[in-house]
Amino acid sequence: MARSTSRGSNSSPNGLLTVTIAGGRHDHVDPASNNEEEEDDELVDPDDPFDVIHTKNVPLQTLKRWRQAALVLNASRRFRYTLDLKKEEEKEQKKSMIRAHAQVIRAALLFRLAGERELVTNTAAPSLAAPTPDGDYAVGLEQLVSMFKDQNVLALQHYGGVRGLADILKSNPEKGISGSDIDLSKRKIAFGTNTYPRKKGRSFWRFLWESWQDLTLIILIIAAVVSLALGIKTEGLEHGWYDGGSITFAVFLVIIVTAVSDYRQSLQFKNLNAEKQNIQLEVTRGGRTIKLSIFDIVVGDVVPLKIGDQVPADGVLITGHSLAIDESSMTGESKIVQKDHKAPFLMSGCKVADGVGTMLVTGVGINTEWGLLMASISEDNGEETPLQVRLNGVATFVGIVGLTVAVSVLAVLLGRYFSGNTKDVDGQVQFVAGKTSISDAVDGVIKLFTIAVSSNPNTCNFVVLVLFPFYRFCNCFSTKPRVVQVTIVVVAVPEGLPLAVTLTLAFSMRKMMADKALVRRLSACETMGSATTICSDKTGTLTLNQMTVVEAYAGRKKQDPPDDSSKLHPEVLSLINEGIAQNTTGNVFVPKDGGEAEISGSPTEKAILSWAVKLGMNFDLTRSNSTVLHVFPFNSEKKRGGVALKMGVSGVHIHWKGAAEIVLGACTQYLDSNGQLQSIEKDKVFFTEAIEDMAVQSLRCVAIAYRPYELDKVPSKQEDLDKWSLPEQELILLAIVGIKDPCRPGVKEAVRLCSQAGVKVRMVTGDNLNTAKAIALECGILSSKEEAVEPNIIEGKTFRELSEIEREQVAKKITVMGRSSPNDKLLLVQALRKLGEVVAVTGDGTNDAPALHEADIGLSMGIQGTEVAKESSDIIILDDNFASVVKVVRWGRSVYANIQKFIQFQLTVNVAALVINVVAAVSAGEVPLNAVQLLWVNLIMDTLGALALATEPPTDSLMRRSPVGRRESLITNVMWRNLVIQAVYQVTILLILNFGWQSINLGDDQDSKSHSLQVKNTLIFNTFVLCQIFNEFNARKIDQMNVFKGVTKNRLFMGIVGMTFVLQILIIEFLGKFTSTVRLDWKLWLFSLGIGIISWPLAVVGKLIPVPKTPWSRTLKKHIRRLKKSRTTAAAQPQ
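The rules behind the values
Residues numbered from 1 in each chain as written. Predicted model: local features only at pLDDT ≥ 70, side-chain atom pairs only at ≥ 80, totals over all residues. Heavy atoms only, no water. Helix = DSSP H or I, 4+ residues; strand = E, 2+ residues; numbered from the N terminus. Buried < 20%, exposed > 50% of the residue type's maximum accessible area, 1.4 Å probe, protein only. Contact = heavy atoms within 4.5 Å. Areas by Shrake-Rupley, 256 points an atom, 1.4 Å probe, with all protein chains shown as cover. Arc of directions from axis to C-beta. Axes fitted to C-alpha atoms, helices over the stretch in contact; angles between N-to-C directions. Parallel < 35°, antiparallel > 145°, perpendicular 65-115°, else oblique. Left-handed = near helix turned anticlockwise from the far one by under 90°. Nonpolar A, V, L, I, M, F, W, Y, C, P; charged D, E, K, R; others polar. Expected span 1.5 Å × (residues − 1). Polar contact = N/O pair within 3.5 Å; in protein donor to acceptor, adjacent residues only side chain to side chain. Phe/Tyr/Trp six-rings, centres within 6.5 Å; stacked < 30°, edge-to-face > 60°. Lys NZ or Arg CZ within 6 Å of the ring centre and 35° of its normal. Core = buried A, V, L, I, M, F, W, Y, C linked by side-chain atoms within 4.5 Å. Salt bridge = Lys/Arg side-chain N within 4 Å of Asp/Glu carboxyl O. Pairing = 2+ DSSP bridges. pLDDT = per-residue confidence, 0-100. Patch = residues over 30% accessible without salt bridge, like charges linked within 9 Å, V, L, I, M, F, W, Y side chains within 5 Å.

> Please explain the overall build of the chain as it appears in this structure.
Along its length, the chain carries 43 helices and 26 strands. Counting the 1135 residues in the chain, one finds 55% classified as buried. When contacts within the chain are restricted to residue pairs at least 6 apart in sequence, long-range pairs at least 24 apart make up 74% of them. Surface accessibility of the chain: about 48900 Å² in total, with carbon and sulfur atoms responsible for 57%.

If you want it as C-alpha cells, here you go:
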C-alpha cells in the first residue's frame, strides 16, 4: 500500500513536507513502538482529500482537491474565511505582469549598455536632459523615477554620481538628512511618502449585503414573500402574515448576527496586516542612527543595510561590501544579484542576501515598482488550516448521513401514505386508492417530503423551500383550505464546524497580540498545540539581550576594572580602538552639547563599542584615520567578521573579531602589556583557561585580533577586491572580553511549564558550549551538572559530522547544542521531525530561514530578527522573550480544546434533533419543531454556540496535558461518552413528552385537542432549547467535573447564554404568532428548567464512566484495514 507519509523530510510531489507526526513523544524507540507507528501510518488514507496535516506552503491543487470533495450547500458561508483561490490566481497573474515589466526594462538596459560601451562618454552626456528643479530641489520626481526605472547609470553619473545626487537632494552620504519636521514635510510634498493606496476595507453595510446572499437565506426570503402573499390572500391580513413575517424576522436575525461577526473578524485581520507591514528599520539622520517605521522613509534618507534587511525604498548604493540582493520578490527568479558602483540601483521590497552597505533613497511609495505591486493586490486573510480541512471532512460526513436518513424516512412515509396507514389529526385516512383526488395526493406527498427532510437537522431544505410556495398555492384551490404546518429545515449541513475554527483562531490571534506574539499564518496557532519540542536560541530569547563587558584580558593580564585604559599600553589601546571602530556595523553619536554618547547596533556591538568608549575611543576620529578597503561581514557559519584598512601610504591592517576560541585558534602571537610581540604557543593554555573561566560564568567570550599586511598584496582592481578573501591566519591577539547577558526573569518558570506540559526545551546557540551549559543550568533546561554530558550537550560540529542515522539516534537526547551554525539547527530539526516530533524553532538571523521554514512552527524574533527570518516564520515573538513562546503553546492548545467543545455541543444538538424528528416522522407522520423554531435552534447551534465556546481563554490545566497528536481523533472517546449521555437523555425526555403527553397530563384538562397539541409542541421546543443552553456549560469542560470554573471570567460566554435565555422567554411568551407557539404557565416553565438542569448532575455522573484511550474510530479503522489486508492476501494466494 502506498503511504502518504514517509520517514524523511523531503517534499512530496504535491509540495507538502512528508514527515510522519506521531501523537506523542517517546524517549526510546523499540520494536513495539515501531509497530504502533506502522499501524498509525496504515490509517493514513492517500485518497482522503481531507487528510492534510500540514498546510504550510501547500500547493493550490491540494486546496482545490478538498474543496471539490466537500459536500457544500452554502459555499459562501462555508468558505468565506478560507483562501480565495480565484483571487490568489489573479494576484499571481498581476505579480507576473509587473515582474515581466521589470524584466523587459532590464533586458533593454543590458542591450543599451552593450551599445553605449562603444560610445564616447562626452558625446553621450549631452543627450541627457539637465536636472529640472522641483520646488526646493534641483531634480524633479519624474527624473528620479525615470532614472531608476531605466536603471540609467549614465544619468546618475550626469548628476555627479551618488554623492552629487545626494547634494542635489540636500542630503549627506555619511550623516543623512537633517530630519527636522520642516525638512521632512518638504520632501514628502516634493517626492511623496513611502506609502501606497490600499483598497478600502469593507464597511459593515457591505458585510450586511453579503450575509443575506447566502443561497439558503435567499430561498428563505423568497419563500417568506410568497408565503406572506398567499397567507394574506387565504386567511386575511390579520392572521395571514404570521408565517411569512415570522420567517422574515428569523432570517433578518441570522443576517444581523452573521454580519456583526464577520465585520469584527475583518477588523481583527486588518489590524494584523497593518502590524505585519509596519517594519522597523535603522536610518541615519543628522549623523545619528535612529529607528523608525518603513512608512516614515523619505527621499534623501541614508539607510544602512545588512544581511536579512528588506530594502525599504528604491535607491542607489552609496557604499557596499560584498553586498548581494535577492530580487526574487520582484523578478520571480531566485537569482542573487551583486551590487556595486556599476550596478548601484536597489529595488524596494528586495532582501539583502549577503554583505553590508548604505543606500540613498531616491523613490518611495507608489513611485516604486514595489509600491505599484502592493497597491494592485489586496491582502487575502484566508488560509487553510489542518483543523479547517478536517472539520470540512466531518461536515461532509454528517451531511451524507443526514441525506441518507432523509431519503430513508421519505421512503417509509411514502410507503405508509399510499398503503393507507397515514391519518390526519381527526383520525381520517389521508389516502384512499381511487377516492383521493390528485390535488390532495400531491398535497400529501409534498407534506411528507417536507417532513422527511425535516426529520433530519443536517439535510438541506432547498427542495422543500421551492415546494413550500407551491404547497400554499395548492391550498388556495383546495375544497377545504387549511393551513398545514410545513417544517422547513435550515439547520443544513453543519457549516458552523469549519467556521468555528476561524472564530477561535481569530480570537486567539487577537489575544496573542496582547501576549507579544504576532501570528503570520493561522495554521501555526493550532499547530503549536501539538508541539512536542522547542528549539530555542539563547541570546535575547532566554537572556535579556542587555549586554555589558564585565571582564577583559589584554597582554596576558586580566583588566580590573575592564574599562581602565591606564593599564593598557598606548599602542595596544590604539589598535583595539581601531579594530572596534572600523570592524563594526554599529555607530557612536556624540551630541554637540556634550551629552552622553548614543550607541547603536546589535547588543553585542553596543556592548563592545560602550567598552571602547569608556577606554577613551573617539569613534569618528578613529574611523577618519584609515580607509576601509574590504569588509568580511560577521558570518554565523565562521563566527567572526573582519575588515581590511589602508593605513597611510603603504600600510594595511586586517582586523578580526568573533568567537574567542575560534579567533584564538588563528592567532600565532599576542601583544603583551608593554606592547611587545610574544609567541602565543607557550601562553595558549592561559588564554584558553581564561575563556573557559568566563564561559562557566555564562559570559559570551569575544576575541579581538589583527595582522599587518602589505598593500601590494591587496588586489588593485575593484572586481578582484570584491572577491578577495581576507587573510585569517597568523593573527596577533589584542584582547579577549567577557560579555554578560543575564537570564530573563520568568524563563525558569516558563521552562518548567513546558516540561510539565510534555514539551522538551532544547537550547541551540552559537555561543561557547560552556557558556551555553551555564545558561542552560540557570534557566532550568539542564536540571543538574550531572546531566551536562554528551550527548545531552554537544557541539554543532560534532553533530554535523555524524551520519544521518547517528544524528537521528542522538537528536532525541540533545538538550544543549553549542557553537552551532544555522545548518546544524536545520539538521537537528530534520532529525527530530523524522523521529515524529512536532518541532517549534526560534530564529533571528537570515541563515535561520531554512530551519524556520522546515520546522512545523517557525518563531522569529520581533526585535533582533531580520526581515528574511520574519518572512520565513509563522509567528513573530514581538518581545523576543521565551515566556511569550510558552504563551503561544497555551493558546495553541486552547484552539484545539475550544474546537472540541464546540463539536461536542453541536453534535449533541444534531443527534438529539435527528432522533426526535426521525422517530416522530416515521411513527406519527408529524414533526414537533417547525421552520422558525429550527431557525432559532440553528442560530444557537452555529453562530452563537461558536462565539460562546470558541472564545474560551486558555487555562492552566491545558499545560498539564500531553501535546495533542496531529492525527489524534477530533472526537475522542470522552467526547462520545458525554455526547451520547446527553443526547440519550434529551431524546428520551422529548419522546416521552411527544408520545406520552396525554398520560403525563401537564396541561389544562379543559384545553381543546388542537390547543393541547400546541402546548405539547411548545413545551418540546422550550425544553429542547433549554437543554442546549444548560448543555453549553457542560461543553466548557469536557473532562472536568466542575464545569463552572472560570465561567464568570468569560463575559462573552455569559452574555451569549444570558441573551439566548432572554430571547427564548420572549419567543415563548410574546412571539407565539410568529413561532407557532403558545404561552406556557409557570409550572411548565419550571418543568422545562428542571429537565434542563438535570443535564448538569447527569454530566458529572457520566464522567465517572471509564472509556478506553484509543479512539473507537481508530480501532474500527484498524480492524477494517486488517480485514481488507487479509482478504487481499488470501486473494493473491494461488488456489
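Once you've had a look at it, read on.
> What exactly am I supposed to notice about helix α10 (residues 204-211) here?
Working note: α-helix, 3.6 residues per turn, so residues spaced by three or four point in the same direction. For α10, the set of buried residues is F207, L208 and S211. Taken around the axis of α10, the buried residues stretch over an arc of 105°, which confines them to a single face.

> How should the packing of helix α25 (residues 684-696) against helix α28 (residues 769-779) be read in this particular structure?
When two helices pack together, their arrangement is captured by the angle between the axes and the distance separating the axes. Running from N to C, α25 and α28 cross one another at 20°; their axes reach a closest spacing of 7 Å. Considering the angle they form, α25 stands roughly parallel to α28. In terms of crossing hand, the pair formed by α25 and α28 is right-handed. For the pair α25 and α28, contact is made by E692, A695 and V696 and by N770, T771 and A774, respectively. Residues of the contact of α25 with α28, tallied by class, amount to three nonpolar, two polar and one charged.

> I'm lost on helix α41 (residues 1082-1093) in this one. Help?
Over its twelve residues, α41 runs 16 Å from end to end, which matches the ideal 16 Å to within 8%, given 1.5 Å per residue. All of the buried residues in α41 are L1084, W1085, S1088, I1091 and G1092. Taken end-on, α41 shows its buried residues confined to a sector of 125°, consistent with a single buried face. Exposed residues on α41 whose side chains face more than 90 degrees from its buried face are W1082, K1083 and L1086. Packed against the buried residues of α41 are α36 (973-995), α38 (1009-1036), α39 (1051-1070) and α42 (1095-1102). For α41, the N-terminal capping position is held by D1081, with its side-chain oxygen 3.1 Å away from the main-chain nitrogen of K1083.

> Help me understand the packing of aromatic side chains in this model?
The relative placement of two aromatic rings is captured by the distance of their centres and the angle of their planes. Scanning all chains against the criterion turns up 16 aromatic pairs. Judged by centre distance (5.9 Å) and plane angle (50°), the ring pair of F1033 and F1044 falls under tilted. Taken as a pair, F1033 in helix α38 and F1044 in the loop between α38 and α39 lie far apart in primary sequence, eleven residues in all. Among the residues examined, F1033 registers a relative accessible area of 10% and is labelled buried. Through pairs of rings, three or more aromatic residues link up here, namely F1030, F1033, F1044, F1053 and W1096. The ring of F1053 has R1036 lying over it, and the distance from NZ or CZ to the ring centre is 5.6 Å.

> Looking at this structure, I do not really get the nonpolar core. What am I missing?
Burial of nonpolar side chains together is a common tendency in soluble globular proteins. Formed by 52 residues in total, the largest nonpolar core has its most connected members in M528, I857, I875 and F882. The leading source of residues in this core is helix α34 (residues 882-924), at eight residues. Those residues in contact with I875, other than ones at most four positions away along the chain, are M512, A517, L518, V519, R520, A524, M528, I857, G858, L859, S860 and V888. Judged by nonpolar contacts, the second largest core, of 49 residues, contains W936, A946, I1056 and V1078.

> Can you help me understand the packing of helix α21 (residues 570-582) against helix α22 (residues 603-614) in this one?
At their nearest, the axes of α21 and α22 sit 10 Å apart, and the two run at 145° to each other. In this structure, the crossing between α21 and α22 has a hand that is left-handed. Along the contact surface, α21 presents I576, N577 and I580, while α22 presents I608, L609, W611 and A612. Grouping the amino acids of the contact of α21 with α22 by side-chain chemistry returns six nonpolar, one polar and no charged.

> Please explain the side chain of T584 as it appears in this structure.
Considering the arrangement of structural elements, one finds T584 in the loop between α21 and β12 (587-589). At 2.9 Å, the side chain of T584 and the backbone nitrogen of G586 are in polar contact. Side-chain polar atoms of T584 contact the side chain of E605, separated by 2.8 Å.

> Where do I start with the pattern of salt bridges in this structure?
For the structure on display, the rule yields 30 salt bridges. Among the ionic pairs, D767 bridges to R700, the shortest N-O distance being 3.0 Å. Separated by 67 residues along the polypeptide, D767 in the loop between β21 (760-764) and α28 and R700 in strand β19 (residues 699-710) bring together distant segments of the chain. Each member of the pair, D767 as well as R700, carries the same accessibility label: buried. The salt bridge partner of E749 is R752, with a shortest N-O separation of 2.5 Å. Within this pair, E749 and its partner R752 are both found in helix α27 (residues 747-756), separated by three residues, close to a single helical turn. Taking the relative accessible area as the measure of exposure, E749 reaches 39% and is therefore partly exposed. Connected through shared salt-bridge partners, D537, K825 and D848 make up one network.

> What's the story with the pairing of β19 in this structure? I'm lost.
The side chains of a regular strand alternate between both faces of the sheet. Among the twelve residues in β19, ten count as buried, and that is most of the element. Taken together, the nine bridges between strand β16 (residues 651-659) and β19 define a ladder with antiparallel strand orientation. Counted as the bridge partner of I654 is R707 from β19. By the bridge criterion, eight bridges tie β19 to strand β20 (residues 731-740) in an arrangement that is antiparallel. In the sheet register, I704 faces β20, and the bridge partner there is A735.

> I tried to follow the sheet that holds β21 on my own but got confused; where do I start?
Within a sheet, adjacent strands bond to each other through the backbone by hydrogen bonds, running parallel or antiparallel. The strand order β8-β26-β25-β24-β9-β21-β23-β22 describes an open sheet built from eight strands, whose pairing is mixed. If you trace the sheet from one side to the other, it starts and ends with β8 (517-519) and β22 (793-795), each paired once. When the angles between neighbouring strand axes are averaged without regard to direction, this sheet yields 20°. Note: strand β9 (residues 533-536) against strand β24 (residues 839-843), three bridges, orientation parallel. Across the sheet, the residue bridging to C535 is V841, located in β24. Against the sheet, helix α31 (residues 822-834) contacts β9, β21, β23 (816-818) and β24, and its axis sits at roughly 170° relative to β24.

> Any chance you could explain the pairing of strand β2 (residues 288-293) here in plain terms?
Summarising the sheet, strand β1 (residues 280-285) and β2 pair through six bridges and their orientation is antiparallel. Counted as the bridge partner of T284 is T289 from β2.

> Explain the confidence of the model for the chain here, please?
Should the pLDDT be low somewhere, the predicted coordinates at that spot are not to be read in detail. Summary statistics for the chain give a mean pLDDT of 78 and a share of 76% for residues scoring 70 or more. Scored below 50 in pLDDT, residues 1-44 shows 84 contacts in the model against residues more than four places distant or in partner chains. With pLDDT under 50 throughout, residues 116-129 is counted as low confidence; its partners more than four residues away or in other chains account for nine contacts.

> What is the right way to read unusual backbone geometry from this model?
Excluding glycine, most residues fall at negative phi; most peptide bonds, likewise, are trans. The linkage connecting D560 with the following residue, P561, adopts the cis geometry, with an omega of 0°. Here P561 is to be found in the loop between β11 (557-559) and α21. A cis amide bond, omega 10°, links E790 with the succeeding residue P791. In this structure, K639 is a non-glycine residue whose phi angle is positive, near 65°. Mapped onto the elements of the fold, K639 is located in the loop between β14 (627-635) and β15 (640-647).

> For this particular structure, what's the right way to read a nonpolar patch on the surface?
Together, W976, V980, V984 and W1112 line one region of the surface with nonpolar side chains, adding up to about 370 Å² of accessible area. If you tally residues by element for the nonpolar patch, the top one is α36, at three residues. Looking at where W976 falls in the secondary structure, it is placed in helix α36.

> Can you help me understand the side chain of S348 in this one?
Turning to its location among the elements, S348 is positioned in the loop between β6 (345-346) and β7 (351-363). If we skip the residues at most four places from it in the chain, S348 touches V311, P312, A313, D314, M330, T368 and W370.

> Honestly, the environment of V888 in this entry has me stumped. Any pointers?
As for its position among the elements, V888 is in helix α34. The spacing of V888 and I875 is 13 residues in sequence and 9.0 Å in space, taken between C-alpha atoms. Apart from residues lying up to four places away in sequence, V888 is in contact with M512, A517, M528, I875 and I877.

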